[in-house]
Amino acid sequence: MIRKGTLMDIEVIMEMTKACAKHMISNGIYQWNEHYPNKDAFVNDVKREELYVLEIDKKIAGTLVVSTYMDKEYIPIKWLTQNENNIYIHRLGVHPDHQSKGYAQSLMDYAERYAIDNNYTSIRLDTFSQNKRNQKFYELRDYKRLGNIYFPKQSEYPFYCYEKVL
């Protein structure tokens, strides 16, 4: 079940994202760390009503942010569509105990349905250049890689921006 996230979910979400970060680091992917994702980001997501959680057996097993806000880091990218009616995906994560079971696909299906149902032009996101699995995940869903951005507190390596025109 996918539902809106609440402030009461934040502590569990932080535990889940720490488990995700540890799992990625054990696989040589230094994408999430002590700086990101952070509690303040999730609190802000809840306040903007953009945070969604995936529950399995009434426990939070995944997160997804579906936002209309374009981060300043995205400004230099040459997007496929105009910057006026887009959805941005952030902080997609599934607890390592539940990975490789199709739950990330379900979260993205939910986001794409939401975007289509609400007449958005495209979906935009970024993923870490060192995370080949995520790149393949989005490319198989017809997202087009467009350019690189940097988040200095996360990594010296770039993040690849993707867009899917709806």
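Quick note: structure is the one above.
Right, let's walk through the structure included here. (Residues numbered from 1 in each chain as written. Predicted model: local features only at pLDDT ≥ 70, side-chain atom pairs only at ≥ 80, totals over all residues. Heavy atoms only, no water.)

Moving on to the packing of aromatic side chains. Here the structure, examined in full by the defined rule, presents 10 aromatic pairs. Judged by centre distance (5.3 Å) and plane angle (55°), the rings of tyrosine 52 and tyrosine 110 are tilted. Taken together, the residues span a long stretch of sequence, with tyrosine 52 in strand β2 (residues 51–56) and tyrosine 110 in helix α3 (residues 103–117) at a distance of 58 residues. For tyrosine 52, a relative accessible area of 4% puts it in the buried group. The class of tyrosine 110 is partly exposed, set by a relative accessible area of 24%. Centroid distance phenylalanine 128 to phenylalanine 159: 4.9 Å. Interplanar angle 45°. Geometry classified as tilted. With phenylalanine 128 in strand β5 (residues 122–128) and phenylalanine 159 in strand β7 (residues 159–165), the pair connects residues that are 31 residues apart, well separated along the chain. By relative accessible area, which is 2% here, phenylalanine 159 ends up buried. Each member of the aromatic cluster is reached from another via a ring pair, and the members are Phe128, Phe151, Tyr157 and Phe159. (Phe/Tyr/Trp six-rings, centres within 6.5 Å; stacked < 30°, edge-to-face > 60°. Helix = DSSP H or I, 4+ residues; strand = E, 2+ residues; numbered from the N terminus. Buried < 20%, exposed > 50% of the residue type's maximum accessible area, 1.4 Å probe, protein only.)

Within soluble globular proteins, side chains that are nonpolar tend to cluster in buried spots. In this structure, Ile89 and Met108 are the most contacted members of the largest nonpolar core, which totals 22 residues. Listing elements by their share of this core, those giving two or more residues are β2, β3 (59–67), β4 (86–94), α3, β5, α4 (132–139) and β7. Counting 16 residues, the second largest nonpolar core, distinct from the first, contains Cys20, Met24, Ile77 and Trp79. (Core = buried A, V, L, I, M, F, W, Y, C linked by side-chain atoms within 4.5 Å.)

This next bit is on the sheet that holds β4. Pairing is mixed across the open sheet formed by seven strands, whose spatial order is β1-β2-β3-β4-β5-β7-β6. The outermost strands of the open sheet, each flanked by one partner alone, are β1 (2–4) and β6 (144–149). Across this sheet, the average inter-strand angle for adjacent strands is 30°, counted without regard to direction. Here β6 pairs with β7 via five bridges, running antiparallel. Residue pairing across strands places lysine 144 opposite glutamate 163, the latter belonging to β7. Across the sheet, α3 is in contact with β1, β2, β3, β4, β5 and β7; its angle to β4 comes to roughly 160°. (Pairing = 2+ DSSP bridges. Axes fitted to C-alpha atoms, helices over the stretch in contact; angles between N-to-C directions. Contact = heavy atoms within 4.5 Å.)

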